[in-house]
Amino acid sequence: MPTKLNTYFQTFKTNAQGNIFMTGILDVQPYSKINLEIIQWPHAPVTMTVLCNIGKISGATLAQTVGQFPLGTSGIIHTFEVVGPEFSVILTGGPPNTDVPIQAWVFLH
């Protein structure tokens, strides 16, 4: 079974609606599990929600939110079974056009 690690240790800027499309659309077809850890570090006074979606996300879409939790500063590893061809992580609910420092990794296996 192949494995892949994507890391996101950078400052992202929210769009005009206060969202960050952190991972883009990841092809997870060759994998059976997804592990995600994400924290806001160093801490910035921004409250956001992390949405994890699995399904057909590109083109004509049909996907489901399989995880939803607040963005925080303590690391918790979230595990998802691969039940669709694509996966994405979106941060929502932030103020528009704001820098948000993120440390995160997505491990596909």
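What you see is a predicted model, and the numbers here were worked out from it, not measured in a lab.

Visitor: I'd like a rundown of the overall build of the protein, residues and numbers included.
Guide: Scanning the protein from N- to C-terminus turns up zero helices and nine strands. Reading the secondary structure of the protein in the N-to-C direction produces β-β-β-β-β-β-β-β-β. The globule rule puts the C-alpha radius of gyration for 109 residues at 13 Å, and the 13 Å found for the protein is close to it. Among the 109 residues that make up the protein, the fraction classed as buried is 44%. When contacts within the protein are restricted to residue pairs at least 6 apart in sequence, long-range pairs at least 24 apart make up 81% of them. Carbon together with sulfur atoms contributes 56% to the accessible area of the protein, which is approximately 5800 Å² in total.

Visitor: Tell me about the pairing of strand β8 (residues 86-92), and name the residues and values.
Guide: Counting buried residues along β8, six of its seven residues qualify, which places the element largely inside the surrounding structure. One ladder, built from two bridges, connects strand β2 (residues 20-21) with β8; its direction is antiparallel. Counterpart to Ile20 in the pairing with β8 is Leu91. One ladder, built from seven bridges, connects strand β5 (residues 49-56) with β8; its direction is antiparallel. Note on β8: the bridge partner recorded for Val50 is Leu91.

Visitor: Could you give an account of the pairing of strand β9 (residues 99-108), naming the residues involved and the relevant values?
Guide: Relative to β9, strand β1 (residues 4-13) runs antiparallel, the two sharing ten bridges. Paired with Phe9 across the strands is Gln103, a residue of β9. Of the pairings in the sheet, the one linking strand β4 (residues 33-40) to β9 comprises seven bridges and is antiparallel in character. Bridge pairing links Gln40 to Ile102 in β9.

Visitor: Before we move on, can you summarise unusual backbone geometry with the specific residues and values?
Guide: In the segment running from Trp41 into Pro42, the intervening peptide bond is cis, with an omega of -10 degrees. Considering the arrangement of structural elements, one finds Pro42 in the loop between β4 and β5. One non-glycine residue with positive phi stands out, namely Asn97, at about 50 degrees. Within the secondary structure, Asn97 is located in the loop between β8 and β9.

Visitor: Run through the packing of aromatic side chains, naming residues and quoting values.
Guide: Per the counting criterion, the structure on display carries one aromatic pair. With a centroid separation of 6.0 Å and an interplanar angle of 40 degrees, the aromatic rings of Phe80 and Phe87 are classed as tilted. Accessibility assignment for this pair places Phe80 and Phe87 in one class, buried.

Reading the values: the criteria
Residues numbered from 1 in each chain as written. Predicted model: local features only at pLDDT ≥ 70, side-chain atom pairs only at ≥ 80, totals over all residues. Heavy atoms only, no water. Helix = DSSP H or I, 4+ residues; strand = E, 2+ residues; numbered from the N terminus. Rg over C-alpha atoms; globule rule 2.2 N^0.38 Å. Buried < 20%, exposed > 50% of the residue type's maximum accessible area, 1.4 Å probe, protein only. Contact = heavy atoms within 4.5 Å. Areas by Shrake-Rupley, 256 points an atom, 1.4 Å probe, with all protein chains shown as cover. Pairing = 2+ DSSP bridges. Phe/Tyr/Trp six-rings, centres within 6.5 Å; stacked < 30°, edge-to-face > 60°.

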